[in-house]
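Listed below, chain by chain, are the residues.
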Amino acid sequence: MDFGQVVLQELCNKVATRAAELIMETKDVMMEEASFQIFSKYISQLNVILQAFQARGIEATTNSEPTKAALESLDSQLQRGCTIIKGYKTGSRFSLFLKSHSLLKQMQDLAQEIANTVALLEQANLNVVLELNSKTDQIINNLRFIELRSAAATESIVSEIKKSTAQNDRNQAHAIQLVKKIADATGTSANASLIRNELELLKLEKEEMEAQKKQAEALQLSQLIQLLYSTEIVGNPNPGEVENVASTFHQYQIDPFTCPLSSEIMTDPVAIFCGHSFERKAILEHFRRSGAGESTTCPTCSQELPWQELTPNLSLRSSIEEWKQREMDSKFEKAVSGITSDDNNILNNALHEMQVLMGMPRYRTRSAEEGLVPKMVQIIKVKDHSRPLNTKAVLKCLNHLSDCSEDNKDVIVEAGAIRCIVKQFYRGEAEAEPDAVAILHKLSLKSAHAEQIGKTKDCIPLLVSLLQNVNQDVSQKAQEVLQNLSHNIHFVIKMAEAGHFPPFVVRFNQGSSEARAVMAAALIEMQLDDINTRHFEDEQFIHKLVEMFSSSSPACKSACLQCIKKLLAYPKMAKHFLTDTYTIPHLLGVITFVGSESQSKQEATEILISLVKANKLSDFQTYPGLQELQSPHNISLFMQLTSTSDPPRTQVQFLRLLVALCDKSETAQDLIRSNDNTVARLFSCLTCDHPEVRRQAMKLIYCVSKDHPAGVPPPPSPTRKESAINTLVAMLTSSPDIKERSNATGIIGLLPADDIFVDKILGKSEALKAIHEVIVTTDEEHNSSRWLNTPVESKPHESLLENALAALLRYTLPTKPELQRQVSKLELYPSLVHVLSRGSSLAKQRTAIVLAHLSQSSKVPLADAPIMVTGGNNFGVLLRLTKVIPNMFFCCPASEQNMCPVHGSACSSRHTFCLVKADAIGPLVHTLRDIDSGAAEAAIIALNTLLIDHSTLSHAAAAIVDNKGLEAILEVLEKGSSSNKDRALDLFQKILNHTKVTNPQFQRSETILIRLLSDDALKKKAALVLKQLNIIPDQSSYF
């Protein structure tokens, strides 16, 4: 055997001895016996390889260097294992428990190193181990893949030690119980001797850690010492030796981990030449202040530094980071315990700490493992006003946990957090809103959770309200949650019901016909206004809604009709529906389809009415649908349906549609007027038993007649014409419905003025008596209202009076003496004069024209002079003043004791009408103050009738001036319409010819007339009057 073989033999023996030593050391370990038995077993298997190597291998070894190196490494590794175990065995039992996990980890790593070394030894001696090939591989695999884990009992005790030290638990009973568990686990008794021994060992270990600058380990040992003293099994001879957790933390904060310069915990510690450590920024600032190139001393020991080089203190940094981690772990354990506390302060403090720790992924994971999610949810579930809890912190924690994993989200939902979160919003805790809505946002990303959110009571209305939140992040998150819920049509319906419509419109456009039917039905019940209806102006939405007409489902069609009807309650929507060219054809299809239900026809007609009413006359040329409605075919169709439709309510709808069309379209009016059958059908509706059918038929007759020169188109047949007129008269005289009486009277007033047959029928009827009764009754009601201080008549009464006066105009026309005689027999004039003071503008206008007719029917002959008077409601009356038939006077009676100042005895006959004797001058003058109205124009015409007879002109002018007529005329000249000014100038000129003007009137007249010189249409007449006043010369350029 050569020298090399001898060396190998010695190494082999040494390794065998070291393995035996390691095996012996593992037998004395007080804990984790199962793990160490496995380790010992695998180490003992090395003897098989070593024995075989000694028996046959050493002499046969040809490659001694690799073999030598492998054996030396193996010896070193086995020796290190002995050192590790001895180090742990000599320490305190308490610290051994805390280090158990680290010990097992080191031994497992060592086993893997030994396996690698054995593999190298095998490679260097293939010829030797060839016979042991399978055994060698098994030994290597056993060591390489060994798993040394702490026993459950050990883990439990370690957890309790950490928890107690972290919380600075001074509970004596708990501390004693923990010591007993440790004693039982290590096979000893928990007595005073054990505690004293443990305290001594812990103090020694603490001093060693402090000497080695391992401050985190020293702090943990200090906490263990405090725990043992809290058992009170032995007294603490030096109470100041072991501080509580807070003071211990403070001690180590200001000592080894604290920068002497900044007095803050170091994050980037560096060492200088003398060995002291500082925060990098702080020492650099110290050097800067000391001056470059000058000698610098250490801030701590004042030793002069030959250079300013900085060396990162990696060991100190590692200790600081480890200490910080231990502190955070301690805080976490304490917070976990505090969350289940019944003490409100402890619970809130625990929540406050936990929300900070949750910012780190490590503690989110640990919180989930500790099962904190249901506990957190339970906290916000409890509604106890006597225990104000930090719900903001709970929501912050849940927000962090929802970031951690999908499993956490599932647990949050299963624990009932969604409903609790919604309640938090309604409790008005604004500070918690960002986290609360953030949780809902993260949960909504999963469809199953989104379903739960949408189904939670009040959640969707809440989210909609958050869209207006002042916090933009809250508003944006709420928007995204709603977007995540919009896959469900029931959810978007809830959103719309809460006032958020965009998802509803989008889903409607994308949905199936069945989905649209459900959504349209829901829209019918929603509250809309001018603002939110703008969302439905979407072109695609309109088209998809109109498309529903094509559905074979009656329910779908009905929902479509009702939905469109609801939207058209807002006129701006009409143009959007008309823009879709399918709207009108589809509606007409519903009306004409034989299978359509009566209700559907009524709703379709109602929609057409809304579309017509919402548009101007010019729009009928813009939209093809409106043009189609006024086609001869459709007008004829609608008229036919007014007679054939059943029930009457449907007839009413078609009549209303025709009224709406004729109110906007002259084409529709002409089509109805020009068709005798249509006219006859209309008048036949007046005999219908249904009052609304009669009312709408009269509205339609009035609508096609009011602006037409020929007035009402009566039925062509004399028999039908007489029947129609008698029907109208019967309504006027007998109907209990004021509106019906008013409509009938209005139509009577519009019957053709030149139709003698109509005059004959009216002359024989009771129409005039009924008109007289309306005017007189209204006058009496006014008097009663004035004396009793009660409100005057309502709008229907006013309309009835206006129409009665319009009908009376026919009876007072100078061309109809027979009808005028009937008027003269009635005591009507005082009531007419009263209307000038009390009636509406239109009533005053018509009354003034009636008075003008009557005044012109006196003995003063006139040349034919047509005069058009316009006024309110586009009413126009053609006054045709003709020569009066000789000896025909229809005026008020007068006694000889009260002679007329204008006409004298000429108007004393009971059949003679005189504006002066009727006391109408003052009311007519007062009517002039309705400056721009048709009433003022009619009053001017009536007053002008006094100035036609040259023989009475001066007295008549004086009568007008005496009633302050000159001031009223000047007011018209100053502020009236152009046509009224023109007539007022004529009247003013006539008055000036026969009366004197006072100086104030003169000055005012001059100012107003000069202003009129700038009006091209009036300047010539104004100049003539100024000339008459001697203000401008005859040679003026105005002539």
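On a predicted model such as this, the values are computed, not experimentally measured, just so you know. (Residues numbered from 1 in each chain as written. Predicted model: local features only at pLDDT ≥ 70, side-chain atom pairs only at ≥ 80, totals over all residues. Heavy atoms only, no water.)

**Student:** Explain the nonpolar core here, please?
**Tutor:** Buried together is how nonpolar side chains tend to be arranged in soluble globular proteins. Within the largest apolar cluster, 230 residues are counted, with the highest numbers of intra-cluster contacts made by L463 and L808. A total of nine residues in this core trace back to one element, the largest contributor, which is helix α35 (residues 648–664). Residues in contact with L808, not counting those within four places in the same chain, are L768, I771, I775, V823, L828, L832 and V850. (Core = buried A, V, L, I, M, F, W, Y, C linked by side-chain atoms within 4.5 Å. Buried < 20%, exposed > 50% of the residue type's maximum accessible area, 1.4 Å probe, protein only. Helix = DSSP H or I, 4+ residues; strand = E, 2+ residues; numbered from the N terminus. Contact = heavy atoms within 4.5 Å.)

**Student:** Any chance you could explain the packing of helix α14 (residues 314–339) against helix α16 (residues 361–369) here in plain terms?
**Tutor:** Working note: a packed helix pair is described by the angle between its axes plus the distance between those axes. It is at 12 Å that the axes of α14 and α16 come closest, and there the two elements cross at 30°. In terms of axis orientation, α14 runs roughly parallel to α16. Where α14 crosses over α16, the two elements pack in a sense that is right-handed. Residues Q325, M328, D329, F332 and E333 of α14 lie in contact with α16, whose contacting residues are R362, Y363, R366 and S367. Here the contact of α14 with α16 is composed, by residue class, of three nonpolar, two polar and four charged. (Axes fitted to C-alpha atoms, helices over the stretch in contact; angles between N-to-C directions. Parallel < 35°, antiparallel > 145°, perpendicular 65-115°, else oblique. Left-handed = near helix turned anticlockwise from the far one by under 90°. Nonpolar A, V, L, I, M, F, W, Y, C, P; charged D, E, K, R; others polar.)

**Student:** Where do I start with the pattern of salt bridges in this structure?
**Tutor:** Oppositely charged side chains can form a pair if their charged atoms are brought close together. What the rule picks out here adds up to 42 salt bridges. With a closest N to O distance of 2.7 Å, R656 and E606 form a salt bridge. Of this pair, R656 sits in helix α35 while E606 sits in helix α32 (residues 598–613), and the two are 50 residues apart along the sequence. Among the charged side chains, a salt-bridge network with shared partners connects K14, R18, E21, E25, D75 and K86. (Salt bridge = Lys/Arg side-chain N within 4 Å of Asp/Glu carboxyl O.)

**Student:** How should helix α51 (residues 978–993) be read in this particular structure?
**Tutor:** For an α-helix the count is 3.6 residues per turn, leaving residues at separations of three or four pointing the same way. Its 16 residues place the ends of α51 23 Å apart at the C-alpha level, agreeing with the 22 Å of an ideal helix rising 1.5 Å per residue. Where α51 is concerned, the buried positions are N980, K981, A984, L985, L987, F988, I991 and L992. Contact partners of the buried residues in α51: α48 (934–944), α49 (953–962), α50 (965–975), α52 (999–1012) and α53 (1019–1028). (Expected span 1.5 Å × (residues − 1).)

**Student:** How should I be thinking about the packing of aromatic side chains in this particular structure?
**Tutor:** Given two aromatic rings, one states the distance between the centres and the angle between the planes to describe the pair. Throughout the structure, instances matching the rule amount to 10 aromatic pairs. Between the aromatic rings of F257 and W323, the centroid separation amounts to 5.2 Å while the plane-to-plane angle is 50°, which identifies the pairing as tilted. Remark: W323 occurs in helix α14 and F257 occurs in the loop between α12 (245–254) and β1 (269–271); sequence separation between them is 66 residues. Judged by centre distance (5.1 Å) and plane angle (45°), the ring pair of F536 and F541 falls under tilted. Pair check on accessibility: F536 and F541 agree, each one buried. One aromatic cluster is present, formed by F501, F504, F508, F536 and F541 through successive ring pairs. (Phe/Tyr/Trp six-rings, centres within 6.5 Å; stacked < 30°, edge-to-face > 60°.)

**Student:** Would you take a moment to explain the sheet that holds strand β2 (residues 277–279) for this structure?
**Tutor:** Taken together, the three strands give an open sheet; going across it, the order is β2-β1-β5, and neighbouring strands pair in antiparallel fashion. Where the open sheet ends on each side, the last strands, each with one partner, are β2 and β5 (311–312). Here β1 runs beside β2; their pairing, made up of three bridges, is antiparallel. Along β2, the bridge assignment pairs P269 with E279. (Pairing = 2+ DSSP bridges.)

**Student:** Could you clarify how one ought to interpret the side chain of Q651 in this entry?
**Tutor:** Mapping Q651 onto the fold places it in helix α35. The exposure class of Q651 is buried, given its relative accessible area of 11%. Those residues in contact with Q651, other than ones at most four positions away along the chain, are L641, T642, S643, S645 and V693.

**Student:** I keep staring at unusual backbone geometry and nothing clicks. Help me out?
**Tutor:** Leaving glycine out, the prevailing phi sign among residues is negative, and the prevailing peptide bond configuration is trans. In this structure, D458 takes a positive phi of about 70° despite not being glycine. With respect to the element layout, D458 can be found in the loop between α22 (447–455) and α23 (459–466). Residue classification places D458 among the partly exposed positions, given a relative accessible area of 33%. Look at D919: it is not a glycine, yet its phi comes out positive at around 55°. For D919, the position within the fold is in the loop between β7 (876–881) and α47 (921–927).

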